[in-house]
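Fold and geometry: a report
Residue-level listing of the chains:
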Amino acid sequence: MSNTKAYSAASATSPLSPDTIQRRDTTESDVQIEILYCGICHSDLHTVRNEWSSVMPTTYPCVPGHEIVGRVTKVGSGVTRFKPGDLVGVGCLVDSDQSCPNCQADVEQFCPAATFTYNSPDKHLGGVTYGGYSENIVVDEKFVLRVPENLDLAGVAPLLCAGITTYSPIRRWGDIQGKKVGVVGLGGLGHMGVKFARAFGAHVVVFTTSPGKKEDALRLGAHEVVISTDAEEMQKHAGTFDFILDTIAAEHDINAYLTMLGVDGNITLVGAPEQPLAVSAFALLFGRKSISGSLIGGIRETQEMLDFCGEHNIISDVEIIPIQDVNEAYERMLKSDVKYRFSIDMASLKGE
Ligand code: NAP
Ligand code: ZN
């Protein structure tokens, strides 16, 4: 075991502050990674503040972070795919049973024994897993991703969650070439959704509550931007969408977006508000519409997404911050003031 510097929260009401955690020694199949950048996902905030207590209560201390990019520093004797010096990524998953039907179908995120990068039981050290707001991490090689060498690393980190979480449902929907696709909420997930939907040839419309994000939405790839608080603007698009990706992190009226869908249209939720959303049956019945959910993506698809980003030069638009600014970043995230993902420069942790 080794002592590792990290930032943790001691309770749902504590700020994140410097801490020392333990990382395991590499086993035969493990890769040890020096973390260079870690993105800040809204899920980190939900977890740190125990907002998902009814579904996934938080164990403290909590070290969040599941958008990890770094360099391999050591590998176990049985590791075949990585060597020291390789650029790699780790997302939301660090283990699964590898044998259940979901693992065999490459959707390890639905494995009953899936181990998430933080706040999951740690089968090696006991307690819970600790995430990427730390100097290094030790992960089984099956859950380590290859990072294309041509991309800016600070902008790659968010691909490991925001990227795969939006890429996966867009791919799953089918061929969106020429289809009208809505992205609701222009935050970390939303801005990646815009980039992917555009890359796959959709007509992309952003729904935002922030008029100040309009120019950025167009620059990121949207064809149109709708201010969702403007009823008249919303009405113009009623009944016209094939697919909508809803990334909103807080309670909101999903019926307003069901109204936007055409016949057989689908809205997929990736945002995870703590409270249930009320759905009008009629908003679904008229038009045979459907609501789905989607959770990150499997390891194979995450690698496919990273390779796609490498080929198409896609990264997240990031604001790089030192770890010391993480609490302020959380407050800004709550105000929808993120352009469009915070990426923590982990070199800042060395001075702690
Ligand atoms: P984020 O960067 O904070 O973005 C969320 C955006 O939603 C905001 O920028 C804002 O966009 C909009 N929004 C926020 N509050 C709103 C409100 N009250 N009403 C309407 N719009 C609101 O968060 P994120 O990291 O993208 O995460 C979004 C959600 O997805 C979180 O709940 C997170 O936990 C969840 N998530 C799910 C998965 C998964 O696998 N399903 C993976 C990662 C994250 P505008 O300013 O444009 O309105
Ligand atoms: Zn996330």
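Here the residue numbering is sequential within each chain, running from 1 through the sequence in written order. Written order determines the labels here, with chains lettered from A and ligands numbered from 1. Per-residue local features are limited, in this predicted model, to residues with pLDDT of at least 70; the limit for side-chain atom pairs, both in listing and counting, is 80 or more; totals at the level of whole chains, interfaces and linings are taken over all residues. For the side-chain quantities, the full set of heavy atoms in the structure was used; hydrogens and water were omitted.

**What about the domain arrangement of the protein chain?**
Each domain's extent was defined by an automatic or database domain assignment. Under the domain assignment, the protein chain is made up of domain 1 (2–161 + 297–351) and domain 2 (163–293). Inter-centroid distance (C-alpha atoms) of domain 1 to domain 2 is 27 Å. Contacts between domain 1 and domain 2 engage 23 residues on the former and 24 residues on the latter. Just to be clear on terms, a salt bridge is a Lys or Arg side-chain nitrogen sitting within 4 Å of an Asp or Glu carboxyl oxygen. The interface formed by domain 1 and domain 2 contains two salt bridges. Linking Arg-219 and Asp-317 is a salt bridge whose minimum nitrogen-to-oxygen distance equals 3.0 Å. What qualifies as a polar contact is a pair of N or O atoms within 3.5 Å, subject to a donor-acceptor requirement within protein and to the restriction that residues adjacent in sequence count only when both atoms come from side chains. Inspection of the domain 1/domain 2 interface yields 17 residue pairs in polar contact (both at pLDDT 80 or more). Only runs of H or I of at least four residues qualify as helices and only runs of E of at least two qualify as strands under DSSP, and these elements are numbered from the N terminus. Elements with a contribution of two residues or more to the side of domain 1 that touches domain 2: helix H1 (42–48) and helix H10 (299–312). Residue contacts are defined here by distance: any two heavy atoms, one from each residue, within 4.5 Å place the two residues in contact.

**Describing the packing of helix H4 (residues 162–173) against helix H5 (residues 188–199)**
Helix axes are fitted to C-alpha atoms over the stretch in contact, other axes to C-alpha atoms as well, and angles between N-to-C directions run from 0 to 180 degrees. H5 packs onto H4 with a crossing angle of 45° between their chain directions and a minimal axis gap of 8 Å. In this view, H4 runs oblique relative to H5, as classed from their interaxial angle. The element H4 and its partner H5 pack so that their crossing is right-handed. Contacts from Ala-162, Gly-163, Thr-165, Thr-166, Tyr-167 and Ile-170 of H4 reach H5 at Gly-188, Leu-189, Met-192, Gly-193, Phe-196 and Ala-197. For the contact of H4 with H5, the class distribution of residues is seven nonpolar, five polar and no charged. An angle counts as roughly parallel when it lies under 35 degrees, as roughly antiparallel when it exceeds 145, as roughly perpendicular when it falls between 65 and 115, and as oblique in every other case. Crossing handedness is read from the near helix: turned anticlockwise from the far helix by less than a right angle, it gives a left-handed crossing, and turned clockwise, a right-handed one. When residues are grouped by polarity, Ala, Val, Leu, Ile, Met, Phe, Trp, Tyr, Cys and Pro land in nonpolar, Asp, Glu, Lys and Arg in charged, and all others, Gly among them, in polar.

**Remarks on the site of ligand 1**
Residues are labelled near a given molecule or strand when at least one of their non-hydrogen atoms is within 4 Å of it. Close to ligand 1 lie 29 residues, the nearest being His-42, Thr-208, Thr-209, Ser-210 and Arg-341. A distance of 2.9 Å is found between a nitrogen atom of ligand 1 and a backbone nitrogen or oxygen belonging to Val-270. In the environment of ligand 1, an oxygen atom lies 3.0 Å from a nitrogen or oxygen atom belonging to the backbone of Ala-272. Only the protein chains shown count as cover for residues, and the accessible areas themselves come from Shrake-Rupley with a 1.4 Å probe. Contact with the protein chains covers 90% of the free accessible surface of ligand 1, which is 910 Å².

**Topic: the pattern of salt bridges**
A side chain of one charge can pair with a side chain of the opposite charge if their charged atoms are brought near each other. Summed over the entire model, instances satisfying the criterion amount to 14 salt bridges. For Lys-83, the salt bridge goes to Asp-86, with nearest N and O atoms at 2.9 Å. Residue exposure (1.4 Å probe, protein chains only): buried if accessible area is under 20% of the type maximum, exposed if over 50%, otherwise partly exposed. Overall, the relative accessible area of 10% leaves Asp-86 in the buried class. Residues Arg-219 and Asp-216 are paired through a salt bridge, measuring 3.3 Å at the closest nitrogen-oxygen approach. Taken as a pair, Arg-219 and Asp-216 lie in helix H6 (residues 214–220) at a separation of three residues, close to a single helical turn. Through salt bridges that share partners, Lys-195, Asp-216, Arg-219 and Asp-317 make up one connected network.

**Description of the coordination of the zinc ion (ligand 2)**
A 2.8 Å cut-off from the metal defines N, O and S donors, relaxed to 3.2 Å for Na, K and Ca; water is not in the atom list, so some sites may appear incomplete. At the metal site, the zinc ion (ligand 2) is ligated by Cys-41 (SG), His-66 (NE2) and Cys-161 (SG), and these contacts range over 2.0 to 2.2 Å. Sequence spacing of the donor residues for the zinc ion (ligand 2), all on one chain, is C-x24-H-x94-C. Of the two residues, His-66 sits in the loop between H1 and strand E4 (68–75) while Cys-161 sits in the loop between helix H3 (153–156) and H4, which places them 95 residues apart along the sequence. This pair shows no difference in class: His-66 is buried, exactly as Cys-161 is.

**Re a nonpolar patch on the surface**
Distance thresholds for patches are 9 Å for like charges and 5 Å for nonpolar side chains (Val, Leu, Ile, Met, Phe, Trp, Tyr), applied to residues having over 30% relative accessible area and no salt bridge. A cluster of nonpolar residues, Phe-282, Leu-285 and Phe-286, forms a patch on the protein surface that exposes about 400 Å² of accessible area. In this structure, Phe-282 sits in helix H9 (residues 281–285).

**Some points on the sheet that holds strand E11 (residues 203–208)**
Pairing between strands is defined by DSSP: at least two bridges between them are needed. The strand order across the open sheet built from six strands is E12-E11-E10-E13-E14-E15, with neighbouring strands paired in parallel fashion. Two strands lie at the open edges of the sheet, namely strand E12 (224–227) and strand E15 (290–293), each paired on one side alone. Each neighbouring strand pair of the sheet contributes to a mean axis angle of 20°, computed without reference to strand direction. Sheet contacts for H4: strand E13 (241–246) and strand E14 (261–269); angle to E13, the most-contacted strand, approximately 160°.

**As for the nonpolar core**
The criterion is simple. A nonpolar core is a set of buried Ala, Val, Leu, Ile, Met, Phe, Trp, Tyr and Cys residues joined through side-chain atoms within 4.5 Å. The biggest cluster of nonpolar side chains holds 91 residues, and the ones touching the most others in it are Ile-40, Tyr-133, Phe-196 and Tyr-330. Here this core takes six residues from strand E3 (residues 30–40), the largest share from any one element. In this structure, Ile-40 is in contact with Glu-67, Tyr-133, Ile-321, Val-326, Ala-329, Tyr-330, Met-333, Arg-341, Phe-342 and Ile-344, ignoring residues within four places of it in sequence.

**Some words on unusual backbone geometry**
In the segment running from Tyr-60 into Pro-61, the intervening peptide bond is cis, with an omega of 0°. Among the structural elements, Pro-61 can be located in the loop between H1 and E4. Here the bond from Lys-339 into Tyr-340 is cis, since omega is -20°, no more than 30 degrees from zero. With respect to the element layout, Tyr-340 can be found in the loop between helix H11 (326–334) and strand E17 (341–345). In this structure, Asn-50 is a non-glycine residue whose phi angle is positive, near 55°.

**Some points on H11**
Of all the residues in H11, the buried ones are Val-326, Ala-329, Tyr-330 and Met-333. Projected onto a plane normal to the axis of H11, the buried residues spread over an arc of 105° and lie on a single side. In the segment just after H11, Ser-336 is the residue with positive phi, at about 60°. Taken from the helix axis, the directions to the C-beta atoms give the arc we talk about.

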